[in-house]
Structure formats: structure tokens, C-alpha cells
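These are the residues of each chain, in order.
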Amino acid sequence: MASLHPNTLTAHELLEKLKNKEISALDIVNFVFEKIKKTDPNLRAYARLDAGLKDGQIMGKEGILKGLPISIKDNICTEGYNTECCSRILDGFKPPYDATVIRKLKEAGATILNIKTNMDEFAFGSSTENSCFGPTRNPWNLDCVPGGSSGGSAAAVAADEAIFALGSDTGGSIRQPASYCGVVGFKPTYGRVSRYGLIAFASSLDQIGPITKDVLDSAVLMNVICGYDPLDSTSVNIKVPDYTKSLVKDIKGLRIGIPKEYFIEGMDPEIKKITDEAVNQLKDLGAVCKPISLAHTEYAVPVYYVLATAEASSNLARFDGVQYGLRAENSAVMIDKRKSETDNKLIRMYKATRGKGFGEEAKRRIILGTFGLSHGYYDAYYLRALKVRTLIKQDFDQIFKEFDCIAAPTTPTPAFKIGERSQDPLSMYLSDIYTISANLAGLPAISIPCGLTKDGLPAGLQILAKPFSEEIIFRAAYTYEQNTPWHLQKPKI
Ligand code: GLN
């Protein structure tokens, strides 16, 4: 038995200990479960706590992750384990198959924890308050949100209730909670990781990615989950490099753009100061940092909310009580006399199920998205938003002709208080102002810890690059991380 609690270590440190037989796979899982039992009643990083702890099972397969348990967001299908998107409408849903990322993790020998991490319902949100299981709290300050929608994965990793985890990012849901919780979150290029088995929110934006304690773990996990998958028609067939090879401590001459539109009025002054310091550090390490302009940045949030809600309204149409999860029979819906009794019964069942099954934010998005796609409004909203999306992408294409990557804050403020923004959807939507553009343009982007505010809340530095240039991001992020103390700071929980 190791002297240090193994759940506090990184995946690569544990792999070393497993190799040297200083520790067993069972020890690791037991320590993780012990920690979950101790802290999760307060933190709620996991969705259904009681359901899972009974039968944690260790994978026996040989592979580079053999012996390591991994925590999975509740919207990624795991065969036989509850996958409910933290929504009542998927109550009790156990997928009959594994998502491609889960299959790859199992083939690499990882143990999939049978309890899933908490999230905003269907990944709609920036605070993990929209979960039918109740909100996750921030391990650095239990009165604050952990960010969202992958808040459960980020909080679990930060609080050592997980070794590492998977999240999903449609508009910032990996990077924003990683930033609020002081861990590393990576959103890969669109098409780099298979979406097969990821319950869709907005299919043209969604990507699965790792949430880890450091950059090396992120690269290790990316090596496993990336790659072409014929089961996902948007998956791209480009060879996956060994990302750990990009982890060199050298950014001399790297051309980094600093977008002036990301330093806006209303930005928290401490976050501004911390980001400025991080940029100075990158300069000291030899990077050439210059101001750039991404002129259409101000349209990113409105464009995203037109497109993401449109896609969500269509993706959520399948949850009607017939095939998955909840079925509610009784509703007070008026009988339509022109329809048969059977039709009336069916419609009543659809309406009752969707009425009871979806939470407030999901309903808001279905209504917004359906409106934006409806006849007479389609051109004015959906089509126009698609055109502006292209302009946003072109801004980046231009910049990447001259620059290797872009550095910016991940979020405009540190973690906010629970309840502070839940009654004001617009202020909530603005939490992702710096992360959404990467999804609209399909770019890879990381968030790494870069400081703490006076109140002891973490801040994140975001690094973006052109599609399929994850290696540049890893090189810049690793160099920064290895020359700063931030990834070693832990919350006291
Ligand atoms: N917070 C954004 C939203 O509410 C992004 C969510 C996500 O990336 N899944 O849509």
C-alpha cells in the first residue's frame, strides 16, 4: 500500500507505481471510492451515488491504462450503467452499447466507474445547477458553482474523487468548469474524437474530451480516445500522433496571438491581471506574443444560442416516452375530437412524458430552437446565424496564417455563487463568452490553471490552435505548466 493516498496522484504517476508494483489496481479504486464516500455527500460530483458504489469492477485487459479507474459524464453511453444526462426523462436508462470512447478506454485497460458524473441536464448550462440530481459544488468554495456543464467531472478531478475524467464541450463545457475548478480541460478539434454514443446536444458543436490533473494526463488520454470512427459520419480520418511526444518544455519563437476582443469591459479585474501575468510568463519563456483582432467575437454568443438551441430542439425530439427512460401516462391534455382514441392517447403520453421529464432549461431551449427553425423565421435566425458562424471561422483562418496559437482567458470571471445566475439565463449564457468561438469554428482548445484570486478561486488560461493542431496546444500548455506552480495547488476538501 502506498504511503500517499493514491487518489491524489495523477494517472501517469499511478501508472509508474503500478508498473513498479508499489500499488494495485484494487487499492486505487478503493481509495477513490473512500474519498467519494467521504466528500461527495457535500460536493455531489457524481449523479447517483448510492446506485454505484456497490459493484466497482476492475478491468483485466492489458493496455496502457490498465489498472486506472476513469469517471464518465452522464451523457456518454456506458453499456449496462445508468446514462441519464441528469434528466428525469432518461430515468433508469441503461444503454445497450458503449460509446466509441468507452470501447477505446476499455481496450486500453481502463476501469469505467459505474457511477457517472453530475452535469447540467443534457449539457444545457454553465453551472451544473440544472441537474435533476441537484447542483454540484465547487471544491475550492462549496458556496460556488463548479462551472458546467461538465461540472461533476471537473469537481471530481479537482477534489481527488477521480483520477481523471471525460466531459463534453459544446460551447465550453469542458474548459469553463476546468477553469473554475483549477484542473486541465481539453476540447479536441471537431471530428477528432468520435461522438458515437455521446447523447447529442448540438451535433455540429459537440466534442468529448479529457478533464485531468495535469497536461501529461490530458495527452495520455487523448492518445486513447482520438481517432477515426466509421460509426460517426463527422469523424475525420487523419492519423493521430502520439501527443505525449509534443510535451517538450520549449516555446521559443512560438507565435501567440492575444485577442483584444477578449479583454472586455465587465471582465473581472483579477482575472485580467492573472491573464496578463500568464501572457508575460509566456513571453519570458520565449514566445512571441502579439495583440490580434477577432472582429466577429461579439456575435459568438447570439450565434451559438440560435444554432445550439435549433440543433437541441431537433435532437431532443426522440425523447417521447416510447423508447427511453420515463413514460408518463396521464395528462390533462384536451382531447382532439378529430383524432382517433388511440392517437389521442399517444399524444397525451408524449405530452405528459415531455412535460414531466424535461427541466426548465431544457424546455426553454426546445421552445427557442423550435422557434428559430420555424417557417418564416428560419431565414432570419437559423440561416443568418450560419452565415455569421462562417465569418467567425474566417477570422480564425486569417489569424492562423500568421500565428501558431492564441492565448486568452477561459472565462471573464472566477466561479460565481450558487443561485447567483440561475434566475437570469442571459447572465448565465455570458459565462461562455470566451469558449464558444472555438466550437463554432471547430478548433481545439485547452484550459490550464494559471492562478488564484484573492478569494482563493482558480483562473484558467485558454490556448487555441487551428484544426488538428492539438500538438501545438500541448507544447505551449506543457511549457507553461512546467514553469508555473498552479497545477500543483489543491483545494482543501
Ligand atoms: N454553457 C453552454 C450552454 O449552456 C455550453 C454548454 C456545453 O458546452 N455543453 O449551452
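Look above for the structure.
Residues numbered from 1 in each chain as written. Predicted model: local features only at pLDDT ≥ 70, side-chain atom pairs only at ≥ 80, totals over all residues. Heavy atoms only, no water.

## Considering the pairing of strand 1 (residues 69-73)
Summarising burial for strand 1: five of the five residues are buried, a large majority. Residues Pro69, Ser71 and Lys73 point to one face of strand 1 and Ile70 and Ile72 to the other, with burial holding for every one of them. Strand direction decides the pairing type here: strand 1 and strand 2 (residues 111-117), joined by four bridges, are parallel. Along strand 2, the bridge assignment pairs Lys73 with Thr117. For the crossover that starts at strand 1, traverses helix 4 (residues 100-107) and ends in the parallel strand 2, the hand is right-handed. As judged from the two bridges shared by strand 1 and strand 3 (residues 165-169), these two strands associate in the parallel manner. Paired with Ile72 across the strands is Leu166, a residue of strand 3. (Buried < 20%, exposed > 50% of the residue type's maximum accessible area, 1.4 Å probe, protein only. Helix = DSSP H or I, 4+ residues; strand = E, 2+ residues; numbered from the N terminus. Pairing = 2+ DSSP bridges. Right-handed = clockwise from strand over helix to strand, strands pointing away.)

## Looking at unusual backbone geometry
Following Gly148, the chain continues into Ser149 via a peptide bond in cis, with omega recorded as 5 degrees. Considering the arrangement of structural elements, one finds Ser149 in the loop between strand 2 and helix 5 (151-158). The phi angle at Lys21 is positive, at roughly 55 degrees, despite the residue not being glycine. When you line up the elements, Lys21 lands in the loop between helix 1 (11-19) and helix 2 (25-43).

## Comments concerning the nonpolar core
Side chains of nonpolar character tend, in soluble globular proteins, to be buried together. Leu65, Leu105, Phe122, Leu166 and Phe396 are the most contacted members of the largest nonpolar core, which has 141 residues in total. Ranked by residues supplied to this core, first place goes to helix 9 (residues 300-315) with nine residues. Counting residues in each nonpolar core, the second largest holds eight residues, with Trp140, Cys144, Val145 and Met428 among its members. (Core = buried A, V, L, I, M, F, W, Y, C linked by side-chain atoms within 4.5 Å.)

## A word on helix 9
Counting along an α-helix, one turn takes 3.6 residues, and residues three or four places apart therefore face a common direction. Taking 1.5 Å of rise per residue, the 16 residues of helix 9 would be expected to cover 22 Å, and the 22 Å separating its terminal C-alpha atoms lies within 8% of that figure. Burial runs high along helix 9: 13 of the 16 residues are buried. (Expected span 1.5 Å × (residues − 1).)

## Some points on the pattern of salt bridges
A complete count under the given rule lists 22 salt bridges for this structure. Here Lys252 makes a salt bridge to Asp250, at a shortest N to O gap of 3.9 Å. For Lys252, a relative accessible area of 63% corresponds to the exposed category. Overall, the relative accessible area of 33% leaves Asp250 in the partly exposed class. (Salt bridge = Lys/Arg side-chain N within 4 Å of Asp/Glu carboxyl O.)

## Description of the site of the ligand
In the region of the ligand, 15 residues are neighbours, and Gly171, Ser173, Tyr304, Arg365 and Asp432 sit closest. Between the ligand and Tyr304, the relevant distance is 2.6 Å, taken from an oxygen atom to a side-chain nitrogen or oxygen of the residue. Within the side chain of Arg365, a nitrogen or oxygen atom sits 2.7 Å from an oxygen atom of the ligand. Judged by the proximity of its atoms to the pocket grid, the ligand belongs to the largest cavity. Residue composition of the shell around the ligand, grouped by class: five nonpolar, seven polar and three charged. (Near = heavy atom within 4 Å. Polar contact = N/O pair within 3.5 Å; in protein donor to acceptor, adjacent residues only side chain to side chain. 1 Å grid on protein atoms, 1.4 Å probe; cavity = no way out; pocket = protein on both sides within 12 Å on 5 of 7 lines; lining within 4 Å. Sits in = over half its atoms within 2 Å of the grid points. Nonpolar A, V, L, I, M, F, W, Y, C, P; charged D, E, K, R; others polar.)

## Some words on empty space enclosed by the protein
Under the defined criterion, the tally for this structure stands at four cavities of 30 Å³ or more. In this structure, the largest cavity spans a volume of roughly 70 Å³. Ala123, Phe124, Gly125, Ser126, Gly171, Gly172, Ser173, Phe201, Tyr304, Tyr305, Arg365 and Asp432 are the residues that line the largest cavity. Looking at the lining of the largest cavity residue by residue, the class counts come to five nonpolar, five polar and two charged. (Points joined across faces, edges and corners; volume = space filled by probe spheres on them.)

## Remarks on the pairing of strand 4 (residues 184-187)
The side-chain alternation of strand 4 yields two buried faces, one formed by Val184 and Phe186 and the other by Gly185 and Lys187. Looking at chain direction, strand 4 and strand 5 (residues 207-212) are connected through two bridges and run antiparallel. Counterpart to Val184 in the pairing with strand 5 is Thr212. With three bridges connecting them, strand 4 and strand 9 (residues 445-452) associate as antiparallel partners. Looking at strand 9, one finds that Lys187 is bridged to Ala445.

## A look at the packing of helix 4 against helix 7 (residues 215-225)
Between helix 4 and helix 7, the least distance of the axes is 8 Å, while the angle of their chain directions is 110 degrees. The angle between helix 4 and helix 7 falls in the class roughly perpendicular. Seen from helix 4, the contacting residues are Val101, Lys104 and Leu105; seen from helix 7, they are Leu221, Val224 and Ile225. For the contact of helix 4 with helix 7, the class distribution of residues is five nonpolar, no polar and one charged. (Axes fitted to C-alpha atoms, helices over the stretch in contact; angles between N-to-C directions. Parallel < 35°, antiparallel > 145°, perpendicular 65-115°, else oblique. Contact = heavy atoms within 4.5 Å.)

## Remarks on the sheet that holds strand 9
Strand order in the open sheet made by the 10 strands is 2-1-3-5-4-9-10-8-6-7, with mixed pairing throughout. Each of the sheet's edge strands pairs with one partner strand only, and the pair in question is strand 2 and strand 7 (288-292). In this sheet, adjacent strand axes meet at a mean angle of 30 degrees when their direction is disregarded. Across five bridges, the pairing between strand 3 and strand 5 is antiparallel. Paired with Asp169 across the two strands is Gln207, which belongs to strand 5. Lying over the sheet, helix 2 contacts strand 1 and strand 2, oriented at roughly 10 degrees with respect to strand 2.

Distances and angles like these do not, on their own, reveal function.
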